[in-house]
Amino acid sequence: MKRLLSRLLVAASLLVIVVALTATLLLRASLPDLDGEVTAAGLDAAAHLERDADGMPVITASNREDLAFATGYAHAQDRFFQMDMIRRQAAGELSEIVGAVALDMDKRNRFHRFRTKAQTVMAMAEDSDRGIIEAYTKGVNAGLASLGARPFEYFVLGTKPQPWQPEDSVLVVYAMYMQLNDSRASKEVRRGLAHRVLPAEVYDWLYPQGTPWDAPLMGVPRSVADIPDPAVYSIREVPDVATPAREVGRYPLRGSNNWAVSGALTANGRAIVANDMHLGLNAPNIYYQARLVVDGADGIDVTGVTLPGAPFIIAGSNTRVAWGYTNSYGDWVDAVILQPGATDGTYLTPEGEQQYAIHRETINVKDGDPVEYVVRETIWGPVLDDVDYPDGEVVVSWIAHKPEGVNLQLLDLEKAESVFAALDIANTMAMPPQNFVTGDAGGNIGWTIAGKIPVKVGFNPMLPADWSEQHGWQGWLDSNEYPRLVNPESGRI
């Protein structure tokens, strides 16, 4: 008996050792090779990928498309699972690899139909921009294929990584939209419910447009309405019959910040730009430091942070100009109240009755049957399926839903020569609108908004509104009309 137990113990120990060795070998195989040469289809000429002691890559190529290829190669080697999660979250495709636990999240995100919209953006892109995205895509897939084993997360999930597609890089931008904007017009709906039942004085006090604590770059801080007294409104006699709130609590107030100091206040006459884009802690961090270089007289040399899934520096410096962002917290989404048409399945618009566009989305579920999710869309956006608003069904009108909501103008910052050029570029960029702060080697500093700004007409954009007689959005603000601040007297932004 003792001999049998000893043999079982030895066998169990050997099994543990074999499993541990296998796991170690698989983990090692999933790490990128840091030395040597690789022949990869998709490059026009040799590209170089060097990593410093902290793992930050310096990527050098002879043209911009090869640089995009090599950037995708590095991203895939180091961050493919992160990239996969980002694209799947935006597209509502997480259930395909993690199972039914993600089904509710997938439905909330599939509501936006971002994969279809990303394909539209790619179809509308300039040939040069599309070429860079396609080169990046080839690099991502080559980098993934270069690994000796798939990233360990796929072993844990029992799945295999799927190839990167060009539209996936647009999905990464949409993921940032969802993180930075109110993607379901929830604030407008809540304000609308309050506005319907509260006296104007109480509503104005609860929802101030600003406070004396603000420090606006342009204009002056706003005052706060006086606290309404009981003669205006009191809850002492209101029966406590409200249903329990679904919100258990809320996150601390989010924010990020950036600064610029002009050359008038620095020792060498150059501006200083600092940026803190804190978006919450993730493992790995949402951003990926890199230096991207194209050799030659017309080359580029840009250092900063990239977003895995996209082929450019998000915030950084091109040696002449530096730039960074904080979220603008502007009103980039509106709640539209639908008026039903006389014909079934229609709604009213300024042009008359319109049929809903019905989209039947299929959500694939790991270890389960596919789930059909129906999205009704209007000319303004999709219809919320989880909001019971007294005045009618609510549509989300959001800049992210518009084909003009994403472009690759950010690439132009790689060659900006001055603050003035950088501000002009920022006003043509299409992305989640951001406070854009920049400084240059000549000591100039500036601020503007980077991202598309809709022109709103004839309604209160803070509340749900009926657009059946007049469209609430009527085009986009011209780039020369954007707010802008350059070289303030204080020398600081």
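Look a little higher up for the structure.
Residues numbered from 1 in each chain as written. Predicted model: local features only at pLDDT ≥ 70, side-chain atom pairs only at ≥ 80, totals over all residues. Heavy atoms only, no water.

1. Focus: the overall build of the protein chain
Argument step 1. Helix and strand counts for the protein chain stand at 11 helices and 20 strands.
Argument step 2. Overall size of the protein chain, expressed as C-alpha extent along the three principal axes, is 85 × 75 × 50 Å.
Argument step 3. By residue count, 45% of the 493 residues in the protein chain fall in the buried class.
Argument step 4. As presented, the protein chain carries roughly 26000 Å² of accessible surface, and 54% of it is formed by carbon and sulfur atoms.
Argument step 5. Charge separation in the protein chain, taken as the distance between the mean sites of 41 positive and 62 negative side-chain charges, equals 8 Å. (Helix = DSSP H or I, 4+ residues; strand = E, 2+ residues; numbered from the N terminus. Buried < 20%, exposed > 50% of the residue type's maximum accessible area, 1.4 Å probe, protein only. Areas by Shrake-Rupley, 256 points an atom, 1.4 Å probe, with all protein chains shown as cover. Lys, Arg positive; Asp, Glu negative; His and termini not counted. Charge placed at Lys NZ, Arg CZ, Asp CG, Glu CD.)

2. Observations regarding the packing of helix H2 (residues 64-91) against helix H6 (residues 127-146)
Argument step 1. Packing of H2 against H6 brings their axes to within 6 Å, and their N-to-C directions diverge by 50°. When the axes of H2 and H6 are compared, the pair comes out oblique. In the packing of H2 onto H6, the handedness of the crossing is right-handed. Of the residues in H6, those in contact with Arg 64, Glu 65, Ala 68, Phe 69, Thr 71, Gly 72, Tyr 73, His 75, Ala 76, Gln 77, Phe 80 and Met 83 of H2 are Gly 131, Ile 132, Ala 135, Tyr 136, Lys 138, Gly 139, Val 140, Ala 142, Gly 143, Leu 144 and Ser 146.
Argument step 2. Classifying every residue of the contact of H2 with H6 gives 12 nonpolar, 8 polar and 3 charged. (Axes fitted to C-alpha atoms, helices over the stretch in contact; angles between N-to-C directions. Parallel < 35°, antiparallel > 145°, perpendicular 65-115°, else oblique. Left-handed = near helix turned anticlockwise from the far one by under 90°. Contact = heavy atoms within 4.5 Å. Nonpolar A, V, L, I, M, F, W, Y, C, P; charged D, E, K, R; others polar.)

3. Things to note about the pattern of salt bridges
Argument step 1. Taken as a whole and assessed by the stated rule, the structure comprises 27 salt bridges.
Argument step 2. In this structure, Arg 108 engages Asp 386 in a salt bridge whose closest nitrogen and oxygen atoms are separated by 3.5 Å. Here Asp 386 lies in the loop between strand E13 (371-377) and strand E14 (394-398) and Arg 108 lies in helix H4 (residues 103-110), a separation of 278 residues in the sequence.
Argument step 3. A salt bridge links Arg 115 to Glu 167; the shortest N-O distance between them is 3.4 Å. Pair noted here: Arg 115 is in helix H5 (residues 114-124) and Glu 167 is in helix H8 (residues 166-180), with a separation of 52 residues, a long-range link. (Salt bridge = Lys/Arg side-chain N within 4 Å of Asp/Glu carboxyl O.)

4. Overview of the packing of H2 against H8
Working note: a packed helix pair is described by the angle between its axes plus the distance between those axes.
Argument step 1. In the contact formed by H2 and H8, the axes pass within 8 Å of each other and the chain directions differ by 70°. As judged from the angle between their axes, H2 and H8 are roughly perpendicular. In this structure, the crossing between H2 and H8 has a hand that is left-handed. Between H2 and H8, the contacting residues are Ile 86, Arg 87, Gln 89, Ala 90 and Ala 91 on the first element and Asp 168, Leu 171, Val 172, Tyr 174, Ala 175 and Met 178 on the second.
Argument step 2. For the contact of H2 with H8, a count of residues per class yields 8 nonpolar, 1 polar and 2 charged.

5. A look at the sheet that holds strand E6 (residues 300-306)
Argument step 1. Across the sheet, which stays open at both edges, the 9 strands sit in the order E1-E2-E5-E6-E7-E8-E15-E16-E20 with mixed pairing between neighbours. On the outer flanks of this sheet lie strand E1 (48-51) and strand E20 (484-486), each paired with one strand and no other. On average, each strand axis in the sheet is inclined to that of its neighbour by 25°, with strand direction left out of account.
Argument step 2. In terms of strand pairing, E1 meets strand E2 (residues 57-61) through 4 bridges, oriented antiparallel. Residue pairing across strands places His 48 opposite Thr 60, the latter belonging to E2. (Pairing = 2+ DSSP bridges.)

6. Details of the nonpolar core
Argument step 1. Membership of the largest hydrophobic core comes to 114 residues, with the highest contact counts inside it found for Tyr 174, Tyr 325, Trp 398, Leu 413, Met 429 and Phe 436.
Argument step 2. Looking at which element gives the most residues to this core, the answer is H2, with 12 residues.
Argument step 3. Setting aside residues up to four positions removed in sequence, Met 429 forms contacts with Tyr 325, Asn 407, Gln 409, Leu 410, Leu 413, Ala 450, Gly 451 and Lys 452. (Core = buried A, V, L, I, M, F, W, Y, C linked by side-chain atoms within 4.5 Å.)

7. Describing the environment of Ala 68
Argument step 1. Inspection of the secondary structure assignment puts Ala 68 in helix H2.
Argument step 2. Distance from Ala 68 to Tyr 136, taken between C-alpha atoms, is 4.7 Å for residues 68 residues apart in sequence.
Argument step 3. Those residues in contact with Ala 68 that lie beyond four places of it in its chain are Ile 132, Ala 135, Tyr 136 and Pro 311.

8. Overview of a nonpolar patch on the surface
Argument step 1. A surface patch of nonpolar side chains, amounting to about 370 Å² of accessible area, comprises Trp 205, Leu 206, Val 224 and Ile 227.
Argument step 2. Within the secondary structure, Ile 227 is located in the loop between helix H10 (200-206) and strand E3 (257-261). (Patch = residues over 30% accessible without salt bridge, like charges linked within 9 Å, V, L, I, M, F, W, Y side chains within 5 Å.)

9. Some details on the sheet that holds strand E18 (residues 465-466)
Argument step 1. Taking strand neighbours across the sheet as the criterion, the 3 strands line up as E14-E9-E18 in an open arrangement whose pairing is mixed. Looking along the sheet, the strands with just one partner apiece sit at the ends: E14 and E18.
Argument step 2. Sheet analysis places strand E9 (residues 333-337) next to E18, joined by 2 bridges and oriented parallel. For Ile 337, the partnering residue across the bridge sits in E18 and is Asp 466.

10. Observations regarding unusual backbone geometry
Argument step 1. Here Ala 185, not a glycine, exhibits a phi torsion of approximately 55°, which is positive.
Argument step 2. Following the sequence through the fold, Ala 185 ends up in the loop between H8 and helix H9 (186-197).
Argument step 3. A residue is classified by how much of its surface remains accessible, and Ala 185, at 0% relative accessible area, is buried.
Argument step 4. Despite not being glycine, Tyr 329 shows a phi value in the positive range, around 50°.
Argument step 5. Relative to the assigned elements, Tyr 329 resides in the loop between strand E8 (321-327) and E9.
Argument step 6. Taking relative accessible area as the criterion, Tyr 329 reaches 49% and is therefore assigned partly exposed.

11. Let's talk about H2
Argument step 1. With 28 residues, H2 extends only 28 Å from end C-alpha to end C-alpha; this falls clearly short of the ideal 40 Å at 1.5 Å per step.
Argument step 2. The largest bend in H2 amounts to roughly 95° and is located at Arg 79.
Argument step 3. At the N-terminal boundary of H2, the capping side chain belongs to Asn 63, with an oxygen 3.2 Å from the backbone nitrogen of Glu 65.
Argument step 4. Immediately downstream of H2, the backbone of Gly 92 shows phi near 70°, a positive value. (Expected span 1.5 Å × (residues − 1). Bend = angle between axes of the 7 residues up to and from the residue. Polar contact = N/O pair within 3.5 Å; in protein donor to acceptor, adjacent residues only side chain to side chain.)

12. Observations concerning the packing of aromatic side chains
Argument step 1. Considering all chains together, one arrives at 15 aromatic pairs under this definition.
Argument step 2. Between the aromatic rings of Tyr 174 and Tyr 177, the centroid separation amounts to 6.3 Å while the plane-to-plane angle is 35°, which identifies the pairing as tilted. On the criterion of helical spacing, the pair formed by Tyr 174 and Tyr 177 is a turn pair, its members being 3 residues apart in helix H8.
Argument step 3. A relative accessible area of 0% means that Tyr 174 is categorised as buried.
Argument step 4. On the numbers, 6.0 Å between centres and 85° between planes, the contact of Trp 380 with Trp 467 is edge-to-face. Of this pair, Trp 380 sits in the loop between E13 and E14 while Trp 467 sits in the loop between E18 and strand E19 (473-476), and the two are 87 residues apart along the sequence. Across the pair, Trp 467 and Trp 380 agree in class, each one buried.
Argument step 5. Aromatic rings pair up to connect Tyr 347, Tyr 356, Trp 380, Phe 459, Trp 467, Trp 473 and Trp 476 into one cluster. (Phe/Tyr/Trp six-rings, centres within 6.5 Å; stacked < 30°, edge-to-face > 60°.)

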